[in-house]
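# Coordinates in review
So the chains spell out like this:
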Amino acid sequence: MGNVHTYLQNLVDQKELPGAVLHVQHHGKTVFHKAFGHYIDRYQQTCPATTNTKFDLASLTKVMATLPSILWLLEHTSLELDQNIQTYLKDYQHPDVTIWHALTHTAGLPADLEPPVKRGEKRDILKQINQTTVASELGKKVQYSDIGMILLGKVIEEMSGMDLPTFTTNHLYKPWGLTETAFNPPSRDNTASTEWHSDHYIQGDVHDEKALLLGGASGSAGLFSTARDVAKFGHYFLFPDSQDVLSDAVIKRARTHVIGNRGLGFEVWSGHGAPLSCGRRWSEGSFGHTGFTGTSLWIDPEEELIVTFLTNVGHYGRQHNMKQIRPHLHSLISTTLTKGETF
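Rules used throughout
Residues numbered from 1 in each chain as written. Predicted model: local features only at pLDDT ≥ 70, side-chain atom pairs only at ≥ 80, totals over all residues. Heavy atoms only, no water. Helix = DSSP H or I, 4+ residues; strand = E, 2+ residues; numbered from the N terminus. Rg over C-alpha atoms; globule rule 2.2 N^0.38 Å. Buried < 20%, exposed > 50% of the residue type's maximum accessible area, 1.4 Å probe, protein only. Contact = heavy atoms within 4.5 Å. Areas by Shrake-Rupley, 256 points an atom, 1.4 Å probe, with all protein chains shown as cover. Lys, Arg positive; Asp, Glu negative; His and termini not counted. Charge placed at Lys NZ, Arg CZ, Asp CG, Glu CD. Polar contact = N/O pair within 3.5 Å; in protein donor to acceptor, adjacent residues only side chain to side chain. Phe/Tyr/Trp six-rings, centres within 6.5 Å; stacked < 30°, edge-to-face > 60°. Salt bridge = Lys/Arg side-chain N within 4 Å of Asp/Glu carboxyl O. Core = buried A, V, L, I, M, F, W, Y, C linked by side-chain atoms within 4.5 Å. Axes fitted to C-alpha atoms, helices over the stretch in contact; angles between N-to-C directions. Parallel < 35°, antiparallel > 145°, perpendicular 65-115°, else oblique. Nonpolar A, V, L, I, M, F, W, Y, C, P; charged D, E, K, R; others polar.

### Overview of the overall build of the protein
Within the protein, the secondary structure is distributed over 10 helices and 12 strands. Its C-alpha atoms give the protein a radius of gyration of 19 Å, near enough to 20 Å, the size a compact globule of 343 residues would have. Here the protein holds 343 residues, and 57% of them are scored as buried. Counted over contacts in the protein with a minimum sequence separation of 6, partners at least 24 positions apart contribute 65%. For the protein, the accessible surface area stands at approximately 14,100 Å², while carbon and sulfur atoms represent 47% of it. Looking at the protein, you have 30 positive and 36 negative side-chain charges, and the mean spots of the two groups are 3 Å apart.

Laid out in structure tokens, this is it:
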């Protein structure tokens, strides 16, 4: 299969990927951290990707912002997972949908709004979300949904009295030392551009259209970070006793399989069903998440392996091979470590 470095460089050379940063931690030590390729900034200048480049994490926001915020509130306030979302959001029309349903994607909510939000469009999406129909029996079936996570973002704000960026910065990222992680990054420089829109590449503004309408921060998308910071977050969830923001017990609960290859927020490999984006070689109990912009974090507790893979694959458009690239890369990493080969 060739080594990891060669594989990623070939993807860039073949224009399968514009830019990428891969960070691999094994047994608590960083064994690989390199950048590949480039991005074109908002002034249409070509910039090399570096290990300090920030990426739009897209749906990694769900597990790096929304999930730990809910867990923090669970431990420090009266919030409970079996409470109805309507307890906190009075305009939400479904009284039986709970925080647990939204975290496990078993609320029967659709993946997205219909019609999908277009960039630059003016819509009251919170009103539409509050009126969205629940399509399946609660708690029985996994149906991945941005909408449930957006609702949880609003629950966090209502419960804490802070907006989501302020809450996550003060209660999570500062105490965790995640200095490169934030919503609405203060500087667009050294931030990988995503998609072409109108007359420029989107750089430093959230790619997700719903999050953009919500001010750049939502429970579903909006977070920016470096591979180094994402890996540090992964380290805390693999080794919960290495931090003191959340208890060991609540972190282990979040990463434990619940239903349909999902835990609380995370995807969790149960050993059954279609393989996840970490590929077939990863251990049962491996957990992680992906993002639409081409990002992912996967953690294998049995092997003490953390793989952070951040790309701006949408730079070339929405037709790409990331669904094949991710499992191949993660299998290659697993094989490389097993055989003791070089990256």
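### Structural notes on the environment of Arg119
With respect to the helices and strands, Arg119 occurs in the loop between α3 (99-103) and α4 (125-130). Sequence-wise, Arg119 and His197 are 78 residues apart; in three dimensions their C-alpha atoms are separated by 8.4 Å. Apart from the residues lying within four places of it in its own chain, the contact partners of Arg119 are His197, Ile202, Asp205, Val206, His207, Glu209 and Leu212. Engagement of the side chain of Arg119 in a polar contact is seen with the backbone oxygen of His207, the distance being 2.9 Å.

### Side note on the packing of aromatic side chains
The way to describe two aromatic rings as a pair is by their centre distance and the angle between their planes. A complete count under the given rule lists nine aromatic pairs for this structure. On the basis of an interplanar angle of 35° and a centroid distance of 5.4 Å, the ring pair of Phe32 and Phe343 is categorised as tilted. You can see Phe32 sitting in strand β2 (residues 29-40) and its partner Phe343 sitting in the segment after α10 (322-339), a full 311 residues away along the chain. The rings of Trp176, Phe233, Tyr236, Phe237, Phe266 and Phe287 are connected pair by pair, giving a single aromatic cluster.

### Structural notes on the pattern of salt bridges
Under the counting rule described, the total for this entry stands at 11 salt bridges. Between Lys210 and Asp112 there is a salt bridge whose closest N-O contact spans 3.0 Å. In this pair, Lys210 sits in helix α7 (residues 209-213) while Asp112 sits in the loop between α3 and α4, placing the two residues 98 residues apart along the sequence. With a relative accessible area of 4%, Lys210 lands in the buried category. Salt-bridge contacts for Glu180 lead to Arg228; the nearest nitrogen and oxygen are separated by 3.0 Å. Residue Glu180 is located in the loop between α6 (164-176) and β5 (182-183), and its partner Arg228 is located in helix α8 (residues 227-238); the two are separated by 48 residues in the primary sequence.

### Topic: the nonpolar core
Core analysis: the largest hydrophobic core is formed by 69 residues, its most contacted members being Leu67, Ile85, Ile99, Trp176, Phe237 and Leu246. Among the elements that line this core, the one with the most residues is helix α2 (residues 61-76), at nine residues. Among the nonpolar cores identified, the runner-up in size contains 26 residues, and Leu8, Phe32, Phe36 and Phe343 belong to it.

### Digging into the packing of α2 against α6
Taken N-terminus to C-terminus, the directions of α2 and α6 make an angle of 80°; their axes are 10 Å apart at the nearest point. Taken together, the axes of α2 and α6 lie roughly perpendicular to each other. When α2 is examined against α6, the residues Met64, Ala65, Pro68, Ser69, Trp72 and Leu73 are found in contact with a partner set consisting of Leu164, Phe167, Thr168, His171, Leu172, Tyr173 and Trp176. Of the residues belonging to the contact of α2 with α6, the class tally is 10 nonpolar, three polar and no charged.

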